[in-house]
Each structure stands twice: as C-alpha cells, then as structure tokens.
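Listed below, chain by chain, are the residues.
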There are 2 protein chains.
Amino acid sequence: MSSSLLEDFSLKYKKLVEAEAVSLVEQLTAPDVLKEAMIYSLNAGGKRIRPLLIFTVLHAFGLDPKVGLKPAAAIEMIHTYSLIHDDLPSMDNDDLRRGKPTNHKVYGEAAAILAGDALLTFAFEVLTQLKIEEASAEIKLSLIRELAVSAGAEGMVGGQTADIEAEGKVLDLKELEYIHKNKTGKLLTCSVMMAALLADSDSYTQGLLRDFSYHIGLAFQIQDDILDIEGMQEKIGKPVGSDIDNQKNTYPALLTLDGAKGKLHEHIQLAKQSLEKTNLDIEMLLQLTDLIAKRDH
Amino acid sequence: MSSSLLEDFSLKYKKLVEAEAVSLVEQLTAPDVLKEAMIYSLNAGGKRIRPLLIFTVLHAFGLDPKVGLKPAAAIEMIHTYSLIHDDLPSMDNDDLRRGKPTNHKVYGEAAAILAGDALLTFAFEVLTQLKIEEASAEIKLSLIRELAVSAGAEGMVGGQTADIEAEGKVLDLKELEYIHKNKTGKLLTCSVMMAALLADSDSYTQGLLRDFSYHIGLAFQIQDDILDIEGMQEKIGKPVGSDIDNQKNTYPALLTLDGAKGKLHEHIQLAKQSLEKTNLDIEMLLQLTDLIAKRDH
C-alpha cells in the first residue's frame with residue numbers, strides 16, 4: 001500500500017468526522033451562542049489523530065471505517081473540550097490556538113467553560129446514538145465506559161491535574177511518563193480500544209492493541225518535545241542549552257536530545273512489534289505509526 | 001403514612017447516597033488533590049433533592065430504593081460539578097456556598113474546573129457500573145442517555161447559558177420558564193425518569209411522571225424566588241418595591257408576589273394530579289411535593 005493511500009484515507013475520513021461532529025451539534029435544540037461556541041472549536045482544525053486511529057484500526061479489522069464515525073466524533077468532542085478548558089486564563093492562559101483566537105477570547109470565559117461542559121456531556125449522548133447494527137447495547141456500554149475512564153480522573157483529567165501540580169518542580173522519568181500516559185496517552189488508547197470494541201475482538205488482540213497505543217502515545221509526546229527543541233534551535237540559530245531545557249519537564253531535558261530520539265525510536269519499534277503479533281491487516285497502521293514519529297508539526 | 005416516615009426515609013437514603021458518592025471517588029486511582037477537590041464539594045451538604053426523588057419514585061413502584069444508589073450518586077455528581085463551575089469567578093463569582101468557601105477558593109480555579117470536569121465524566125462511568133440484576137444493558141443505556149440530554153446543551157448547560165445571556169435584560173414568562181425548565185428542571189425530571197427507567201415502567205406512566213417532574217421543577221424555582229423576596233423583606237423590615245424586583249428576572253417580579261404564590265399552588269396541584277393518575281403507591285411522593293412547596297430554605 002502506497003503512502004498516498006493512507007493520505008487519501010486520512011483526508012476522506014477527516015472530512016467525514018468533521019462534518020459529522022458539526023452536524024450533530026447543529027441538530028441540538030440549545031441557545032445559538034452555545035452551539036456557535038461548541039462548533040467554533042470543533043472547526044478549529046487539527047490532525048484529528050484520535051478519529052484517524054479509530055478509522056485505521058477498523059480498517060485493519062476489515063470493517064467499514066464508517067462504523068466509527070459517531071465514536072470518532074465523540075472522542076474529538078472530548079479532545080476539543082479539553083483544549084477549550086486548558087486554554088482558559090486560570091489554566092494555560094492561551095490567546096491563540098492554531099493561529100485562531102481561543103474560545104474564551106471570542107465568547108468569554110463563562111461561555112467557553114459551558115461550551116466545554118456541553119461538548120463533554122454530548123460525547124456520551126452521541127455514543128448512545130449508535131445503531132444496533134453498528135453496536136450491541138453491551139458494546140455501546142463498553143465504549144461509554146472506555147471513554148469515561150480515559151477522559152476522567154483516572155485518565156486525561158488526572159494527567160492534566162498532575163501536569164499543573166508539576167509546575168516549577170523537576171520530575172523524574174516515571175513522573176513525566178505518568179503525566180503523558182494520562183494527559184494525552186489515554187485518549188489515544190481509547191481511540192484504538194473503541195475500534196477494537198466495535199470489532200468485538202478477542203482479549204488477546206485487545207491486549208496487543210492496548211500495548212500498541214501505549215507506545216504510540218509516548219512516541220507522540222516525545223516527538224512533540226523534540227519538535228519544540230528543534231523548532232526553537234531553528235529560531236534562535238543555535239542549540240538550546242541544557243540550563244533552559246531543565247526549566248521544563250521534557251524528554252530531551254531528562255534524556256538529552258539524542259536520548260529522547262533513541263527513546264522515540266524504541267517506542268515506535270515496540271508499537272510496531274505489538275501490531276505484528278496480531279492477525280490484522282496492519283499495513284496502514286504501520287504507516288500511521290511512522291507518520292507519528294516523523295511528523296514535523 | 002406520617003410525615004416522619006418520609007423524614008426517616010429521607011435521612012436514611014441521604015446518608016447512603018452521600019457515602020456512596022464519596023466512596024466511589026475514593027476508589028479512583030487519581031492525583032490526591034483532584035480526589036480531595038471532588039470530595040470537598042460532594043461533602044458540602046444540601047437537600048439532596050435529586051437523589052431523594054430517585055429513591056421516592058422507586059419506592060412508589062414498590063422497588064428497593066437501594067437499586068437507585070449509583071444513579072443517585074451519578075446525578076449528585078452532575079449537580080455538584082454544576083455548582084463548582086457556576087461559582088467560578090467568570091460565572092457567578094461566589095466565595096461561599098452553604099457557609100463554606102467555594103471549591104476554587106480552597107483549591108484554586110484550575111483545580112476547581114478540573115474537579116468539575118472529573119465529576120461530570122465520572123457520573124457516566126458510575127452508570128455503567130450498575131449490576132445486571134439492577135439494570136439490563138438497554139436500561140443502563142437509557143439512563144446514560146437521559147442523564148446526558150438533561151445535563152447538556154439541551155438541558156442544564158443550555159439553561160445556564162440562557163441565564164447568563166439574560167443578565168440585564170427583562171424577560172417575559174416564557175423566557176423565564178425556558179431558563180428554569182432547563183437550568184434546574186431538567187435534572188429534577190432526570191431523577192424521576194431514571195427511577196421510572198429502572199422500574200422498566202410503561203410509557204403511559206413515564207409520561208405522567210415526566211409531567212409531575214415538570215411541575216415540581218417549576219414549583220421548586222418559584223418557591224426559591226418567593227423565599228428570596230420574603231427573606232429580603234424580613235431583613236429590611238418592609239415589603240420590597242417592584243422597582244427592585246424588576247431588576248431581577250423572578251416570578252414575583254413578573255407576576256407580583258401573590259401572583260407567584262398562585263402559580264406555585266397551581267404547579268403543585270398539577271404535579272399531584274399527574275401522580276394520582278398513576279397506579280403507583282404515591283403517598284410519600286405527595287408528601288415530598290408538599291415539602292417542596294412549603295420549604296423555608
């Protein structure tokens with residue numbers, strides 16, 4: 001399979017899930033300003049890596065990726081709400097995201113908090129809307145449970161809390177991995193597992209896919225940290241000193257830049273090894289794994 | 001049934017649901033500060049009217065009210081998260097709730113937002129935890145759907161958004177009822193309906209219970225507005241002029257104090273009439289309805 005096939009696949013399903021998420025919100029009977037604020041952030045772009053994981057894993061099972069449209073819309077709503085709340089003045093205080101004003105800069109803090117709350121709540125409703133030919137009641141419940149555990153105190157919200165707690169402290173590798181495993185990793189794992197649940201797969205395959213998602217989650221974060229450093233080096237025209245690095249809890253700061261690159265390579269290899277132990281059609285998933293390691297933004 | 005039997009019933013199940021909610025959060029594997037912030041607000045007291053509605057309706061169906069413990073804990077988590085977010089500086093900016101410092105005054109704004117997000121998310125997980133002998137997969141899904149619709153953009157969050165939008169505007173009765181029906185009414189309806197769903201009741205009975213909950217929801221809010229006025233009159237020692245009333249969108253401001261009392265009586269009567277059309281054991285529900293109309297705080 002050529003790389004452009006993954007590209008075509010990505011482009012097609014990215015468009016579909018974006019349209020699905022917005023259409024679901026448009027159908028709500030709710031104050032216009034609330035729907036506008038929800039849609040504004042859903043439309044703010046992004047790689048849609050979580051939906052893409054759902055679609056690609058469904059493809060690997062030989063299923064129609066469209067079965068994953070509503071779960072993909074739901075997980076993108078969760079991701080979007082987390083960005084809206086993270087950007088708030090009392091959190092990261094960001095005015096811009098992907099070059100556009102953040103939600104609270106456009107709609108005000110109160111509306112931004114409520115738009116986040118509404119997206120979070122709606123994600124669970126959307127999962128109940130799957131048709132019975134797409135998922136049995138038991139499978140829908142397991143999707144809801146997976147999403148709630150991954151997004152909540154034992155997952156993303158827990159990781160975000162630990163990240164805030166870590167400000168100004170120097171972390172060891174274990175503490176840093178706790179943050180990333182939860183703050184970003186759990187939703188990536190959730191995407192992979194939602195597809196595995198929709199495929200009604202056996203627990204051996206689910207275990208391998210969980211391992212796969214764990215490794216790409218950490219790889220994703222390490223590559224983020226590497227891009228930050230290399231982007232900064234490009235900007236200031238010289239290597240960034242370790243005194244600056246140590247201010248932030250990043251993989252390069254803990255392991256050196258080369259060490260981080262080694263760790264990235266290691267996780268990518270372990271992710272691929274997990275995939276290879278399954279009996280799925282993994283070619284496109286392998287390409288997606290390489291994409292995560294090689295992305296430049 | 002004597003009024004003290006309702007009191008004993010209330011006291012017993014209030015304690016049970018408070019212990020259940022806290023115990024569920026304590027079992028989470030999550031940062032201590034997050035769990036503390038969640039539990040702080042769960043423990044902040046209150047009438048627990050939503051859980052009590054679940055237990056009383058289950059009793060009316062002749063079921064063991066304990067079947068409603070997890071749904072009651074879930075709805076109290078949703079109510080608690082909404083109070084945490086409503087109290088934030090960018091929303092109502094309240095420093096105190098029931099005489100205790102609000103969540104963000106103790107834990108900071110970021111932690112308060114995250115504690116709210118975690119409680120909201122956890123409520124859905126708790127509903128998936130019901131045992132199969134308590135609820136079938138289909139019933140669990142209908143509980144999750146009812147909670148998501150009631151708490152989200154089409155319910156509580158929509159009502160809260162409309163309430164913020166209404167600041168400084170004079171509303172008519174229809175607009176005022178939209179706010180209350182959604183901001184407080186939908187979660188009360190959700191409590192009643194969750195019990196009706198757990199009882200696997202017919203759609204005729206469910207329709208009557210939905211009407212019942214609609215009327216007690218509005219009665220609850222009208223009584224709130226009346227208490228505000230009469231409390232203020234007591235404080236300043238003379239009747240409050242309509243010029244002051246008109247600053248706020250309240251039932252007494254729109255209908256006069258006597259008009260509001262008439263409306264309250266009307267909703268209480270309609271609520272009772274709906275109950276009387278069912279074939280349930282409604283005695284304790286009638287007492288609870290009177291309690292809502294006569295409460296003094």
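About the thresholds
- Residues numbered from 1 in each chain as written.
- Chains lettered and ligands numbered in written order.
- Predicted model: local features only at pLDDT ≥ 70, side-chain atom pairs only at ≥ 80, totals over all residues.
- Heavy atoms only, no water.
- Helix = DSSP H or I, 4+ residues; strand = E, 2+ residues; numbered from the N terminus.
- Rg over C-alpha atoms; globule rule 2.2 N^0.38 Å.
- Buried < 20%, exposed > 50% of the residue type's maximum accessible area, 1.4 Å probe, protein only.
- Areas by Shrake-Rupley, 256 points an atom, 1.4 Å probe, with all protein chains shown as cover.
- Lys, Arg positive; Asp, Glu negative; His and termini not counted.
- Charge placed at Lys NZ, Arg CZ, Asp CG, Glu CD.
- Contact = heavy atoms within 4.5 Å.
- Buried area = accessible area lost by both parts, 1.4 Å probe.
- Salt bridge = Lys/Arg side-chain N within 4 Å of Asp/Glu carboxyl O.
- Polar contact = N/O pair within 3.5 Å; in protein donor to acceptor, adjacent residues only side chain to side chain.
- Core = buried A, V, L, I, M, F, W, Y, C linked by side-chain atoms within 4.5 Å.
- Bend = angle between axes of the 7 residues up to and from the residue.
- Least-squares fit on C-alpha atoms with pLDDT ≥ 70 in both.
- pLDDT = per-residue confidence, 0-100.

**Student:** Summarise the overall build of chain A; cite the residues concerned and give the values.
**Tutor:** Within chain A, the secondary structure is distributed over 13 helices and two strands. A compact globule built from 297 residues should have a C-alpha radius of gyration of about 19 Å, and chain A, at 19 Å, falls within 12% of that. Dimensions of chain A along its principal axes, counting C-alpha atoms only, are 55 × 50 × 35 Å. Across the 297 residues of chain A, 56% fall into the buried class. Summed over all atoms, the accessible surface of chain A reaches about 12300 Å², with 51% contributed by carbon and sulfur. Of note, chain A has its 31 positive side-chain charges centred 1 Å away from the centre of its 45 negative side-chain charges.

**Student:** Lay out the environment of lysine 14 of chain A with the relevant residues and their values.
**Tutor:** Residue and element names in this part refer to chain A. Looking at the element boundaries, lysine 14 is found in helix α1 (residues 3-26). When the C-alpha atoms of lysine 14 and leucine 285 are compared, they prove to be 16 Å apart, with 271 residues separating the residues in sequence. Dropping the residues within four chain positions of it, lysine 14 is found in contact with Gly46, Lys47 and Arg48.

**Student:** Please give an account of the interface of chain B and chain A that cites residues and values.
**Tutor:** Contact with chain B, which involves 45 residues of that partner, is made by 45 residues of chain A. Carbon and sulfur atoms make up 73% of the area that chain B and chain A hide from each other, which totals about 3700 Å². It is Leu114, Thr121 and Leu141 of chain B in chain B that bury the most area against chain A; as a group they hold 15% of the surface buried on that side. Our count for the contact surface shared by chain B and chain A stands at two salt bridges. Between glutamate 125 of chain A and arginine 145 of chain B there is a salt bridge, with the nearest N and O atoms lying 3.9 Å from each other. For the pair chain B and chain A, the number of links is six residue pairs in polar contact (both at pLDDT 80 or more). Sorting the residues of the side of chain B that touches chain A by element identifies α2 (32-42), α4 (69-86), α6 (109-128), α7 (137-151) and α8 (156-165) of chain B as the ones contributing at least two each. By residue number, the principal contributor to the side of chain B that touches chain A is α6 of chain B, which donates eleven residues.

**Student:** Lay out the nonpolar core with the relevant residues and their values.
**Tutor:** In terms of nonpolar packing, the biggest core is built from 166 residues, with Met77, Ile78 and Leu147 of chain A together with Met77, Ile78 and Leu147 of chain B touching the most fellow members. Every residue in contact with methionine 77 of chain B, bar those within four places of it in the chain, is listed here: Ala21, Leu24, Val25, Leu42, Leu119, Phe122, Ala123 and Val126 of chain B.

**Student:** Explain helix α9 (residues 173-198) of chain B to me, and be specific about the residues and the numbers.
**Tutor:** Residue and element names in this part refer to chain B. Along α9, the helix axis deviates most sharply at glycine 185, where the bend reaches about 55 degrees. At the N-terminal boundary of α9, the capping side chain belongs to aspartate 172, with an oxygen 3.1 Å from the backbone nitrogen of lysine 174. Where α9 ends, the next residue or the one after it, aspartate 200, has phi of about 50 degrees, a positive value.

**Student:** Which residues make up the relation of the copies chain B and chain A, and what values do they have?
**Tutor:** The two copies are related by a screw motion: chain B maps onto chain A through a turn of 180 degrees and a shift of 0.0 Å along the axis, at an RMSD of 0.0 Å. Considering both components of the superposition, the chain copies are consistent with a two-fold axis. Taking C-alpha positions as reference, the residue of chain B nearest the rotation axis is alanine 137 of chain B, located at 2.8 Å. Taken as a fraction of all interface residues of chain B, those also at the interface in chain A reach 100%, which identifies the copy contact as same-surface.

**Student:** I'd like a description of the side chain of threonine 184 of chain B, backed by residues and values.
**Tutor:** All names here are of chain B. Checked against the element boundaries, threonine 184 lands in helix α9. The class for threonine 184 is buried, based on a relative accessible area of 17%. If we ignore the near neighbours within four places in the chain, the residues touching threonine 184 are Ile179 and Gln221.

**Student:** Give a description of the pattern of salt bridges that names residues and reports values.
**Tutor:** Residues and elements named next belong to chain B. Enumeration over the complete set of coordinates arrives at 22 salt bridges over all chains. Here glutamate 76 makes a salt bridge to arginine 48, at a shortest N to O gap of 2.9 Å. Highlighted residues: glutamate 76 in helix α4 and arginine 48 in the loop between α2 and α3 (49-60), separated in sequence by 28 residues. This pair shows no difference in class: glutamate 76 is buried, exactly as arginine 48 is. Across the salt bridge formed by lysine 263 and glutamate 266, the nearest N and O atoms sit 3.8 Å from each other. In this pair, lysine 263 and glutamate 266 both sit in helix α12 (residues 251-277), three residues apart, roughly one turn of the helix.

**Student:** Tell me about the confidence of the model for chain A, and name the residues and values.
**Tutor:** When pLDDT is averaged across chain A, the result is 93; 93% of the residues are at 70 or more. In this model residues 241-246 of chain A is a low-confidence stretch, pLDDT under 50, and it forms four contacts with partners more than four residues away in sequence or in other chains.

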